[in-house]
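# Working through the structure, step by step
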Amino acid sequence: MELSYYPGCTLKTTARNFETTALAVLELFDMQARELPEWYCCGVNFSQVQDNLMLQLAPLRTLMRAKQTGSRQLLTLCAMCYNTLRRAQQFIGEDEARRATINDFMDHEGGDFTGDEVEIIDILTLLKQIGPDKLQARITRPVSLQVAPYYGCLLLRPRTVAIDDPNNPQIMENLLSAVGCQPVAYPFRTDCCASYQIVNEPQIVHSQTKKIVTSAVQHGAELLVVLCPLCHYNLDAVQAEIARAERTFKTVPVLYFTQLLALIFGLPAALNDFGTHRIDPVPTLKAKGLL
Amino acid sequence: MKKIGVFICHCGINIAGTVDVKGIAEKLKNYPGVVFIQDYKYMCSDPGQNLIREQIRELGLEAVVVAACSPTLHEATFRRAVESVGMNPYECEIANIREQCSWVHHDKTAATAKAEIIIKSVIEKARLDEDLAPVQVPITRRALVIGGGVAGMQAALNIANSGFEVLLVEKNPSIGGRMAQLSETFPTLDCSQCILTPKMVEVAQHPRIKLLTYSELTDVSGFVGNFRVTIRQKARYVDWQKCTGCGVCMEKCPVKVASEFDSQLANRRAIYTPFPQAVPNKPVLDRPHCTYFKTGKCQICKKLCPFDAIDYDQQDVVLTEEVGAIVVATGYDLYGLEHLPEYGAGNIPDVIDGLTFERILSASGPFSGEVRRPSDGKVPQEVVFIKCVGSRDPENHYPYCSKVCCMYTTKHAMLYKHRVPDGQAYVFYMDVRADGKGYEEFYQRAAEEDKVLYLRGKVAKMYRDNGKIIVCGYDTLSGENVEIGADLVVLATAIRPAQGAVELAKLLKIQVDQHGFLTEAHPKLRPVESLTAGIFLAGCAQSPRDIPDTVAQAAGAASMVTTLFARECLYHEPITTGVNEELCSGCGICVAVCPYDARQLHREKHVVEVNEVLCEGCGACAAACPSGAAQQRNFKDAQLINMIKAILT
Amino acid sequence: MTAMTLLTKSEEINTMKPKIALNKKILQSAGATQVSEISGVNVFACYQCGNCSAACPAVEFMDLPPHQVIRLVQMGLTAELLKTNTPWICLACINCTVKCPRGVDIARVMEGLRSIFLRDKFEHINLNEIERRLREDLPQIALIANFRKNLQ
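Residue numbers run consecutively from 1 along every chain, following the written order of its sequence. Written order decides the labels, with chains lettered from A and ligands numbered from 1. Whole-chain, interface and lining totals are the exception, using all residues; otherwise, since this is a predicted model, local features are given only for residues with pLDDT of at least 70 and side-chain atom pairs are given and counted only at 80 or more. The basis for every side-chain value is the complete set of heavy atoms in the structure, and neither hydrogens nor water enter the calculation.

### Quick word on unusual backbone geometry
Worth spelling out the cut-off: Secondary structure elements follow DSSP: runs of H or I of four or more residues count as helices, runs of E of two or more count as strands, with numbering from the N terminus. Each residue is placed in one exposure class: buried if its accessible area under a 1.4 Å probe, protein chains only, is under 20% of its type's maximum, exposed if it is over 50%, and partly exposed if it falls in between.
In this model, Phe186(B) is joined to Pro187(B) through a cis peptide bond whose omega is -5°. The backbone phi angle of Asp308(B) is positive, close to 50°, even though this residue is not glycine. Within the secondary structure layout, Asp308(B) lies in the loop between α10 (300-304) and β17 (317-323). Of note, the phi angle at Gln48(C) is positive, near 60°, even though the residue is not glycine. Secondary-structure assignment places Gln48(C) in the loop between α3 (30-39) and α4 (51-55). The buried category is assigned to Gln48(C), whose relative accessible area is 14%.

See the structure below:
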């Protein structure tokens, strides 16, 4: 089955591990995710103002490119891209006046934006659709591993784009169980990593990272899995900074969800550049027989 | 030609301000059949009515047209007036020149012309009106009360004490309802069962109340004064004639089932009474949980019963009864914790709802009145109460206020402090609604005397941590985020209609609102009646309310029932549609069209018959009849055609 | 009471908070209603339950908690709000909006406040002040998101 794939900027740089492992995992289930021949930065944050539609252009143009490939589904791995593309599609698509304004402005796109260009899908939903039986059948390296799922914000909020119940999501826990891991229950799995404040107000990120990691470790986590490059940085690089400052701080390695799946499914470890991780996951993965 | 008198009302300036009533009186004084026409300031007043009476007497009027406000207001008034001097009331017609004319137009010339046309058309109707007599409908002076909680019991007692027989149907094995589950009631802190059980016994012993517990209504037909109801008495597999309530079977039954009455905190047996003070105090056998019915083994209860009262072959009994009025008092359920993922979705044992806390507080509850928590039986030292859980939440749950939670949470906090004086109680609230007698004073006591800490704000999140429940809330009064390590959390969840209430409403053909609460006939002026004549409402089935309001409303519903029964008979409007058998070809179109099932095709005679009592005079059959065999009394085709002609010329 | 004490007292008075005068001119002015217009949110649905503030992960770093921001918007005090750090500490995690029982989109209101500031002043941060080391280390999305929030 073929579907279109929108990487977004970071998947080509600091989050390359996410892309390589996700695409390889999908291939195992006969899914070919074809990168869009033409795509643009999604803008990262969905602009929440009502009166400046210029700020919606970036995501919309990508959606129109996706429509032109003829594919009904557009996969995006980064949670921030997912959120922005979906919210932009809804915001402009649902209102005739806004659509008219945007279409009047966009002269060179080869058509009008209608709002139903593609079905934007995230990796977790795609894996859920594949189904636990097929996933279980692919286990090559069965592993006993306590994994703390970290959802972050943008896959679950606002409700209009949520892939699961924001108050009690279970989609990652179910997928982890399907591949033989033990999901760890801890209270901060949907608390924000503090996102872009790493630039200007890093103390907020430090506070959140400390809270999230401490709780996960307290509840027995041996690994933390994420779905977003910014969450990864905040939970990985900042964790390393905290560990440097506090010798007794217990760390836990942070992987993209598909990195874990790829290893369990027996895909080559070379898909990953473990050097980009600040908290080295290699010792844990070796100890568990995944490497 | 029929002598018609026309009386045009000014209604102060309501009509006369826009319609030239004097002008119309002048214009129509020579209209065919009009022997008297006059305008008057207020026709509905005594002098106004006397004017009509005088002219009937003096001129021998044969029909009267009053041009005034809507007939819904004063048609009855004027008809009574003409009847008092010997005219048939159905010869009195109203021409609505207010709601349908003066109140909706500004242009005086156009409004006057329109009023004239309206009056002319009604004169034409009156011209061909016939004397009619209201249809007499007999009344079965017996009431059915559905629901054996305090509302149903109160209504049943009031009706029975007025001398009428009452059937009280309750789906649970015992009457008592929610009030039987409560520990103490606010604001007096009376023991709930102590004040309730005398009523339960009175109901059981009342010679005019037939109590049918473990039973449900399965069918209803008929209309006010003449309902036919079918009730299914579920098989209880115990012969209650032989059973003495000795309790041996319950003691020895090996099967344990989580008790619904005790909010799943304790167990009952497969053969059980729901609580010790149950009325009737005879057990029922819960078939789905019974070992004998599942596997054919056991039979311990049968072997041990000294009175040979166990009967595994017992069948459901289906009764058909005739009643004249029905009171619906089906009560409430609490919004389930499974709907609240932000508070653990019912998976945290020490996060409970209000009724569960009542069972913990209750002297006859699972902990004999000691405040202990469900998970480990420890006495909680830090208890958090949260109000407005699922209520006042249009975005995620219910938009309305559940009314009683402010008071019962105050009560809970106080009772907790009385039993665990060293403990700390916190109440997260948005408002405190203490509107009843003694309620505000009661709430102040909780804060001042029992030092309950009221925190104004909601709780965004809670999670388990090492035997505690970490509650993350806010206090807007101090502007602080507040985190409490609670041992026990009590949620005041929303009150919603009892399960099965919506299905019952469909059966009875009464209305419910979008949340399933029964709809009253008028929100202000008719709070105990449904929109269906003869069916009345009481208690939380209609909307959340406390015990005094419930009892008052039940008494109100009972009063409406006895008022109905006090009449000799019911009178049904005679503007029904008959059948001219000579013209009727038996095509049956009118039967299909009738919304009230009032018409039936007679197989042998091949003509249609009509039940005058069911016919509501909507006219659908008259419009549909191709041969004119269906003519509505005083709305005959000839009358309508003349009215149209008067309007168009 | 000495003269010294009297002087100290009047110094204190100068730093005390003045009363807020309200009238329909203030409440219905463009400045007061601007936030609602830009964000498309009816703040009058808020009944100050505080759930948003209870849920906000960054509230301890804020001058004013989210529910008080909504309160001041209700009272037309936009100018006061623009002096606080709250809209800039906001993480745009949308937790407040999801938790609100009245459906008030608090996250949008924060964006509205940021927009009013930026449309007037254009910049809330100085790009040159971002450490080079940090710039090169961060994933692009951190920088872009930060610019989208802090620059017009």
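### Thoughts on the confidence of the model for chain B
The condition that has to hold: The score called pLDDT rates the predictor's confidence residue by residue, from a low of 0 to a high of 100.
For chain B, per-residue confidence averages 96 on the pLDDT scale, and residues scoring 70 or more make up 100% of the total. Reported confidences for the modelled complex are a pTM of 0.85 and an ipTM of 0.90.

### Brief notes about the nonpolar core
The condition that has to hold: Think of a nonpolar core as a cluster: buried Ala, Val, Leu, Ile, Met, Phe, Trp, Tyr and Cys residues, connected wherever their side-chain atoms sit within 4.5 Å. For this analysis, residues touch if any pair of their heavy atoms sits within 4.5 Å.
By size, the foremost hydrophobic cluster in this structure holds 155 residues, and its most contacted members are Leu75(A), Phe257(A) and Leu260(A). Contact partners of Leu260(A), with chain neighbours within four places excluded, come to Leu145(A), Val147(A), Leu176(A), Cys181(A), Leu223(A), Val225(A), Leu255(A) and Leu290(A). Membership of the second largest hydrophobic core comes to 78 residues, among which are Val404(B), Tyr408(B), Phe536(B) and Ala557(B).

### Side note on the sheet that holds strand β4 (residues 119-121) of chain A
Residue and element names in this part refer to chain A. Definition in use: For two strands to be treated as a pair, DSSP must find no fewer than two bridges joining them. In this description, a line fitted to the C-alpha atoms serves as the axis of each element, helices being fitted only across the stretch in contact, and the angle between N-to-C directions of two axes falls anywhere from 0 to 180 degrees.
Across the sheet, four strands lie side by side as β2-β1-β3-β4; this open sheet has parallel pairing. Because the sheet does not close on itself, it has two edges, and the strands there are β2 (32-35) and β4. Across this sheet, the average inter-strand angle for adjacent strands is 40°, counted without regard to direction. Bridging between strand β3 (residues 73-76) and β4 involves three bridges; their strand directions are parallel. Counterpart to Leu 74 in the pairing with β4 is Ile 120. Each of β1 (2-6), β3 and β4 is contacted by helix α5 (residues 123-130), which is oriented at about 120° to β3, the strand it contacts most.

### Quick look at the interface of chain C and chain A
Convention followed: Computed with a 1.4 Å rolling probe, the buried area is the accessible surface lost when two parts are put together, summed over both parts. Only one rule defines a salt bridge in this text: a Lys or Arg side-chain nitrogen within 4 Å of an Asp or Glu carboxyl oxygen. Polarity classes work like this: nonpolar for Ala, Val, Leu, Ile, Met, Phe, Trp, Tyr, Cys and Pro, charged for Asp, Glu, Lys and Arg, and polar for all others, with Gly in that last group.
Tallying the contact residues gives 41 residues for chain C and 45 residues for chain A. A buried area of about 3700 Å², summed over both sides, lies between chain C and chain A, and 56% of it is on carbon and sulfur atoms. Sorting the residues of chain C by area buried against chain A places Arg108(C), Ile141(C) and Arg148(C) first, and these three jointly supply 19% of that buried surface. Our count for the chain C to chain A interface comes out at two salt bridges. For Arg278(A), the salt bridge is made with Asp137(C), and the minimal N-O distance between the two is 2.8 Å. If you list the elements that add at least two residues to the side of chain C that touches chain A, you get α3, α7 (86-89), α8 (95-99), α9 (106-121), α10 (132-137) and α11 (140-150) of chain C. For the side of chain C that touches chain A, the element with the highest residue contribution is α11(C), accounting for ten residues. In terms of residue class, the side of chain C that touches chain A is made up of 23 nonpolar, seven polar and eleven charged.

### Concerning the interface of chain B and chain A
The test is simple: Whenever a nitrogen or oxygen atom comes within 3.5 Å of another N or O atom, the pair is scored as a polar contact, on the condition that within protein one atom can donate a hydrogen and the other can accept it, and that pairs from neighbouring residues in sequence are kept only if both atoms are in side chains.
Taken together, the contact pairs seven residues of chain B with nine residues of chain A. Of the roughly 580 Å² buried between chain B and chain A on both sides combined, carbon and sulfur atoms contribute 44%. When residues of chain B are sorted by the area they lose upon contact with chain A, Pro341(B), Lys461(B) and Tyr463(B) head the list and together hold 60% of the total. Of the charged contacts in the structure, one is a salt bridge between Lys461(B) and Asp191(A), with a shortest N-O distance of 3.0 Å. Seen at the junction of chain B and chain A, the total is four residue pairs in polar contact (both at pLDDT 80 or more).

### As for the pairing of strand β11 (residues 215-223) of chain B
Residue and element names in this part refer to chain B. As defined by bridge partners, β11 adjoins strand β12 (residues 226-233) across eight bridges and the pair is classed as antiparallel. Each residue of the ladder has a partner; that of Gly 222, found in β12, is Phe 227. The hairpin formed by β11 and β12 contains two residues between the paired strands, and Gly 225 there has a positive phi angle of roughly 85°.

### Here's the deal with the pairing of strand β31 (residues 599-602) of chain B
By the bridge criterion, four bridges tie β31(B) to strand β32 (residues 607-610) of chain B in an arrangement that is antiparallel. Looking at the pairing, Arg599(B) lines up with Val610(B) of β32(B).

### A word on the layout of surface pockets
Residues and elements named next belong to chain B. What counts, and what does not: A 1.4 Å probe that fits into a set of points on a 1 Å grid over the protein atoms alone but cannot get out defines a cavity; an open set with protein on both sides within 12 Å along at least five of seven lines defines a pocket, and lining residues are those with an atom within 4 Å of a point. Grid points are joined across faces, edges and corners, and a volume is the space filled by probe spheres set on the points.
What the second largest pocket holds in volume is close to 1600 Å³. What lines the second largest pocket is a set of 44 residues, among which Phe 223, Val 224, Ala 533, His 572 and Glu 616 lie closest to the centre. Broken down by secondary-structure element, the contributors of at least two residues to the lining of the second largest pocket are α3 (71-83), β11, α14 (501-508), β29 (535-537), α15 (547-566) and β30 (570-572). Of the residues in the lining of the second largest pocket, the class split is 26 nonpolar, eight polar and ten charged.

### A look at helix α5 (residues 108-127) of chain B
Residue and element names in this part refer to chain B. Definition in use: In this scheme, a helix's expected span is set at 1.5 Å multiplied by one less than its residue total.
Between its terminal C-alpha atoms α5 stretches 28 Å, which fits the 28 Å expected from 20 residues at 1.5 Å a residue. Across the 20 residues of α5, 14 count as buried, placing the element largely inside the fold. For α5, the capping residue at the N-terminal end is Asp 107, with a side-chain oxygen 3.0 Å from the backbone nitrogen of Thr 109.

### So, the packing of aromatic side chains
For clarity, the cut-off: Between the rings of Phe, Tyr and Trp (Trp by its six-membered ring), a pair exists once the centres lie within 6.5 Å; its type follows the angle of the planes, with under 30 degrees stacked, over 60 edge-to-face, and the other angles tilted. Two limits define a charge over a ring: the Lys NZ or Arg CZ must be within 6 Å of the ring centre, and within 35 degrees of the ring normal.
Overall, the coordinates contain 20 aromatic pairs over all chains when judged by the stated rule. Taken together, the ring pairs connect Tyr237(B), Tyr292(B), Phe293(B) and Tyr312(B) into an aromatic cluster. Taking the ring centre of Tyr40(A) as reference, the NZ or CZ of Arg61(A) above it sits at 4.4 Å. Cation over ring: Arg98(B) sits above Trp103(B), and NZ or CZ is 3.9 Å from the ring centre.

### Looking at the packing of helix α1 (residues 16-28) of chain A against helix α11 (residues 257-264) of chain A
Residue and element names in this part refer to chain A. Put simply, the test is: The labels follow the angle: roughly parallel below 35 degrees, roughly antiparallel above 145, roughly perpendicular from 65 to 115, and oblique for the rest. Should the near helix be turned anticlockwise from the far one by less than a right angle, the crossing is left-handed, and should it be turned clockwise, the crossing is right-handed.
At their nearest, the axes of α1 and α11 sit 8 Å apart, and the two run at 45° to each other. The angle between α1 and α11 falls in the class oblique. Crossing handedness for the pair α1 and α11: left-handed. Of the residues in α11, those in contact with Asn 17, Phe 18, Thr 21, Ala 22 and Val 25 of α1 are Thr 258, Gln 259, Leu 261 and Ala 262.

### Points about a nonpolar patch on the surface
Residue and element names in this part refer to chain A. Applied cut-off: Nonpolar side chains (Val, Leu, Ile, Met, Phe, Trp, Tyr) are joined into patches within 5 Å and like charges within 9 Å, using only residues with over 30% relative accessible area and no salt bridge. Residue-level accessible areas treat just the shown protein chains as cover; the underlying method is Shrake-Rupley with a 1.4 Å probe.
Among the surface-exposed residues, Met 54, Leu 55 and Phe 105 lie close enough to one another that they form a single nonpolar patch of about 300 Å² accessible area. Along the chain, Leu 55 falls in the loop between β2 and α2 (57-68). Note on Leu 55: relative accessible area 32%, which makes it partly exposed.

### Description of the state of the cysteines
Covalent bonding between the sulfur atoms of two cysteines is what defines a disulfide. To be explicit about the condition: When two cysteine sulfur atoms lie within 2.5 Å, the pair is treated as a disulfide.
One pass over the structure, following the stated rule, counts one disulfide over all chains. Residue pairing for Cys191(B): its cysteine sulfur links by disulfide to Cys194(B), the two sulfurs lying 2.4 Å apart. Between Cys191(B) and Cys194(B) the disulfide shows an S-S torsion of about 75°. By sign, it is right-handed. Free cysteine Cys406(B): the closest other cysteine sulfur is in Cys388(B), separated by 6.1 Å. Unpaired in this structure, Cys56(C) has its nearest cysteine sulfur neighbour in Cys93(C), at a distance of 6.2 Å.

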